Amino acid sequence: MYSKKLARLAFGVLAESTFKCPLTRSVSSRVNAARSLCSWTLCLHHRQKNQLSEGLTRLNVRTVSQTTVDPAEVRKFQAMASKWWDLQGDFAALHSMNDLRVPFIRDNLLNMHGIRQLGKPLAGLRILDVGCGGGVLSEPLGRLGTDVLGIDPVEDSVRTAELHSSYDPDLRERVRYQACTLEELAEEEAEGFHAVVASEVVEHLADLDAFASCCQQVLKPGGSLFITTINKTNLSYVFGIVAAEQLLRIVPSGTHDWEKFISPEDLERLLESFGFYVEAIRGMMYNPLTGAWSWQQNTAINYALHAIKCKEEPQPGQVWAESENLDKPGRATNYS
Amino acid sequence: MLTFAKAKLAVLGIIRQCVALRALNGAQAVRRGFASTERDEKSSTSENELFDIIISGGGMVGTAMACSLGLDPNLAGKKILLLEAGHKKEMDKVPETYSTRVSSISPGSAALLSGTDLCSFLNFLSVWDACSDALITFDKENLQDKMAYIVENDVIVAALTKQLQTLSDHVEVQYRTKVVKYTWPHPYHVSESIPWVQVTLANGKTLHTKLLIGADGPNSMVRREAGIPTVKWNYNQSAVVAVLHLSEPTENNVAWQRFLPTGPIAMLPLSDTESSLVWSTSHQHAEELLQLDEESFVDAINSAFWSNENHSELVETAGSLFRTALSVLMPDSGSAHQLPPSVAGIGPKSRVMFPLGMGHATEYIRHRVAIIGDAAHRVHPLAGQGANLGFGDVAYLTKVLSQAAFNGKDLGAMQHLLEFETERQRHNLPMMAAVDLMKRLYSTNAAPLVLLRTFGLQATNTLPPFKEQIMAYASK
């Protein structure tokens, strides 16, 4: 147990330091590569080592994305951007993850809102897909009847997504894409969405506080936040980075940075501090032999999280008057 | 269910699409040459012409597929189109005379078709060898469970058509529509190309679809154009079908099949006084049978069922010894030997023949394409399974597509189509192999094989659990 803690500490220290040792040399160089490479990321400028404050982000977002974007990175993105829809390519694992995340989102939304319409179970709901990439998750959600807005800072990915959905008239009406950041959107669309989906995105952000705050802004009260991401454990290092990136090449090398992984407990604490209530956390597992995902009890590597934005807390002075609102209808509380 | 009102003729197993569809295969060869030069290859997708699912072929299985998809709640709102080259089959009331083409419908298929007006049921199935006295009977102890239903093909199609009319808001049917060309999409997204299957009709229109289902019979154009390799052979046999009038009314709920060296002859009950004949025999003999006048034909049938001329002494002695041995070991086994009814006459305008063969497509699916029914698998009628395999395909494919739609998937995606193919091949191949094996086993007079099958049949007859397994598998 102590050795694990020590090891974790050691990883943390060694990754940051210039102290190179044989074990971590390849890791740290990859970590640096990860810091400069963005594959499916939310905000390009979040990749900076400097933590930008929220205000700074808002002011400088356009200049930041124009001045700090590395042309080499953009080229890498452009190369990747066309591969979104190659089902056997680099993004194959993301496509097969739809088998888990679409039912997860759909069933939780159905629990809250009920079936809207046969054939289009989620009709009438608005969903924001943060870090939509090529639209891998936006399209199935659109087919289920929701109005989806997919955002991604990488323009080429957005263009790929738009092209792919343009052939299907159903999707054209319901799924829209925008190349922008979450902060930009949060200004315009306050309380505009029934649900926000951030799948495989949180592990690419530096500023989770800003992210959580923006999500809180764009969600309606009682709205849902769905996150899938990777846990920060030794197991996730072994499987998520070493095995997945370097040995088995399930994802391109340098995609993930172990430092940016976050454990479900930390994420839950963070979200609760921003007015969310975490309703469910489930572990996910990828089987590289079959290429299929499955649910599991253990959240050590991948996990999915469903949080709900709390409705407004009543002011202390109004507790008596509003207590009936908080209860289920038809049940009066006797406070005397 | 007990109404014997209008039971129709049985053609065991093989679903033949209507005659006009066979004409399609002839016509298309002529038209294809014209069509491809006329068509503008760069036709763009217009909203009106993009369907979610197009089913090519409106026979029993194709129409059942359309109905099944139309009734599924998860597919509500999807645009479905059924293309049929023949006329619309409408029936306000069931006609007096029976037509020659029927199928035996297992309880599993009956569940799928439960909206239709099924009649005449089968309680016993009695099968025996012409070269010996070996006999096997399948029966349902509990008379509430039916083994199978004998229903006329036209009735099934008409009932399904009527059902389709109630679904006309999202299921469209186009009759008298021939397809001349299919254009397949790239398996992955290539820009500047249409990602859907393009179906070019004889009238020049082009339709697009996210999923094409081929239900166009054993000479399937969809299968051919998709380049799906097929394992097939002809049996050098033809089946003669006719409606028979029995010499006296009887409680007609037994199907009889006798294996002659030239092929099995079967009598399927339609009503108290009528049965359907399916006689599989060599091409030459089949033609002769068609030429015979009514009396000689009836005599031929009766003698086929009753005569013992194929028995050899050796086999008879061996057979009866074996039977004695079995009755010592298992005294209660073996049901009473019922006798088949004798035939007095045949119905009017009946007596047709059609060739028999076996065929199996090595793949049932391609990107955005699936084939079902006889297009995917074709069997000998001796076990009455052809229609049922097709209906099984319909049920499973509907289930797979329904689940895919509920998961927001693209309907033409390979992942769930592969699931359909795997499951159905696992079910169909053993059945087809068994039917082919039976056909070959019973096609000979050679003593060793006759002895083998005699002992096999008698032994199987004494093993109720084994028989139950066979019935359960065939009833699915």
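Residues numbered from 1 in each chain as written. Chains lettered and ligands numbered in written order. Predicted model: local features only at pLDDT ≥ 70, side-chain atom pairs only at ≥ 80, totals over all residues. Heavy atoms only, no water.

With an unreviewed UniProt entry as reference, chain B is termed Ubiquinone biosynthesis monooxygenase COQ6, mitochondrial, source organism Cyprinus carpio. Turning to chain B, the UniProt record has this under Sequence similarities (unreviewed entry): "Belongs to the UbiH/COQ6 family." Under the Subunit (unreviewed entry) heading, UniProt states for chain B: "Component of a multi-subunit COQ enzyme complex, composed of at least COQ3, COQ4, COQ5, COQ6, COQ7 and COQ9. Interacts with COQ8B and COQ7." (UniProt positions renumbered as here; feature names shortened; annotations may be inferred.)

If you check an unreviewed UniProt entry, chain A appears there as Ubiquinone biosynthesis O-methyltransferase, mitochondrial from Cyprinus carpio. Quoted verbatim from the Pathway (unreviewed entry) field of the UniProt record, the comment on chain A reads "Cofactor biosynthesis; ubiquinone biosynthesis." Quoted verbatim from the Cofactor (unreviewed entry) field of the UniProt record, the comment on chain A reads "Mg(2+)".

Turning our attention to the interface of chain B and chain A. Taken residue by residue, the interface counts 20 residues in chain B and 18 residues in chain A. For the pair chain B and chain A, the two sides together bury roughly 1700 Å², of which 54% comes from carbon and sulfur. Applying the counting rule to chain B against chain A returns three salt bridges. Its salt-bridge partner being Asp168 of chain A, residue Lys210 of chain B comes within 3.0 Å of it at the nearest N-O pair. The interface formed by chain B and chain A includes eight residue pairs in polar contact (both at pLDDT 80 or more). Put simply, the parts of the chain that give the side of chain B that touches chain A at least two residues each are β1 (50-56) and α9 (386-406) of chain B. Class assignment for the residues of the side of chain B that touches chain A results in seven nonpolar, seven polar and six charged. (Contact = heavy atoms within 4.5 Å. Buried area = accessible area lost by both parts, 1.4 Å probe. Salt bridge = Lys/Arg side-chain N within 4 Å of Asp/Glu carboxyl O. Polar contact = N/O pair within 3.5 Å; in protein donor to acceptor, adjacent residues only side chain to side chain. Helix = DSSP H or I, 4+ residues; strand = E, 2+ residues; numbered from the N terminus. Nonpolar A, V, L, I, M, F, W, Y, C, P; charged D, E, K, R; others polar.)

A few words on the UniProt feature "binding site: Mg(2+)" (unreviewed entry) in chain A. Residue and element names in this part refer to chain A. According to UniProt, the "binding site: Mg(2+)" (unreviewed entry) feature falls on Glu200, Glu203 and His204. For Glu200, the position within the fold is in the loop between β4 (193-199) and α10 (208-218). Residue classification places Glu200 among the buried residues on the basis of a relative accessible area of 3%. For Glu200, the side chain forms a polar contact with the side chain of Thr228, separated by 2.7 Å. Not counting residues up to four positions away in its chain, the partners in contact with Glu203 are Thr228, Thr229, Ile230, His256, Lys260 and Phe261. (Buried < 20%, exposed > 50% of the residue type's maximum accessible area, 1.4 Å probe, protein only.)

What follows covers the packing of helix α2 (residues 60-71) of chain B against helix α4 (residues 153-165) of chain B. All names here are of chain B. In the contact formed by α2 and α4, the axes pass within 9 Å of each other and the chain directions differ by 25 degrees. When the axis of α2 is compared with that of α4, the two are roughly parallel. As α2 packs across α4, the resulting crossing turns out to be left-handed. Between α2, through Met60, Thr63, Ala64, Ala66, Cys67 and Leu71, and α4, the contact on the second element is made entirely by Asn153, Ile156, Val157, Leu160, Thr161, Gln163 and Leu164. Residues belonging to the contact of α2 with α4 are distributed by class as follows: nine nonpolar, four polar and no charged. (Axes fitted to C-alpha atoms, helices over the stretch in contact; angles between N-to-C directions. Parallel < 35°, antiparallel > 145°, perpendicular 65-115°, else oblique. Left-handed = near helix turned anticlockwise from the far one by under 90°.)

We now examine the UniProt feature "binding site: S-adenosyl-L-methionine" (unreviewed entry) in chain A. Residue and element names in this part refer to chain A. If you check UniProt for "binding site: S-adenosyl-L-methionine" (unreviewed entry), the listed places come out as Arg101, Gly131, Asp152 and Ser199 in our numbering. Structurally, the position occupied by Gly131 is in the loop between β1 (126-130) and α6 (138-143). Summarising the element assignment, Ser199 is placed in strand β4. We classify Ser199 as buried; its relative accessible area is 7%. When neighbours within four sequence positions are excluded, Ser199 is seen to be in contact with Met97, Arg101, Val130, Leu137 and Thr228.

Residue and element names in this part refer to chain A. Considered for burial, the residues of helix α12 (residues 264-273) that qualify are Pro264, Leu267, Leu270 and Leu271. Along α12, the residues classed as buried sweep out an arc of 125 degrees about the axis, all on the same side. For α12, exposure combined with an orientation more than 90 degrees from the buried face picks out Arg269 and Ser273. In this fold, the buried residues of α12 make contact with α10, β5 (219-230), β6 (276-287) and β8 (302-309). Just beyond α12, the residue with positive phi is Gly275, at close to 90 degrees. (Arc of directions from axis to C-beta.)

Moving on: the state of the cysteines. Linking two cysteines covalently via their sulfur atoms produces the bond known as a disulfide. Using the criterion set out here, one finds zero disulfides over all chains in the structure. Cys215 of chain A forms no disulfide, and the closest cysteine sulfur to it belongs to Cys214 of chain A, at a distance of 7.1 Å. (Disulfide = S-S within 2.5 Å.)

The next point concerns the sheet that holds β5 of chain A. All names here are of chain A. Reading across the sheet, the eight strands line up as β3-β2-β1-β4-β5-β8-β6-β7 and stay open at both edges, with mixed pairing between neighbours. With one partner strand each, in any of the chains shown, β3 (175-178) and β7 (292-296) form the two edges of the open sheet. Each strand axis lies, on average, 20 degrees off the axis of its neighbour in the sheet, ignoring direction. Sheet topology note: the β1/strand β2 (residues 147-151) ladder contains five bridges and is parallel. (Pairing = 2+ DSSP bridges.)

Moving on: the pairing of β4 of chain A. All names here are of chain A. By the criterion of burial, β4 is predominantly enclosed, with seven of the seven residues buried. Looking at chain direction, β4 and β5 are connected through six bridges and run parallel. By the bridge assignment for β5, Phe193 is matched with Leu219. In this fold, β4 hands off to α10, which returns the chain to β5; that crossover is right-handed. (Right-handed = clockwise from strand over helix to strand, strands pointing away.)

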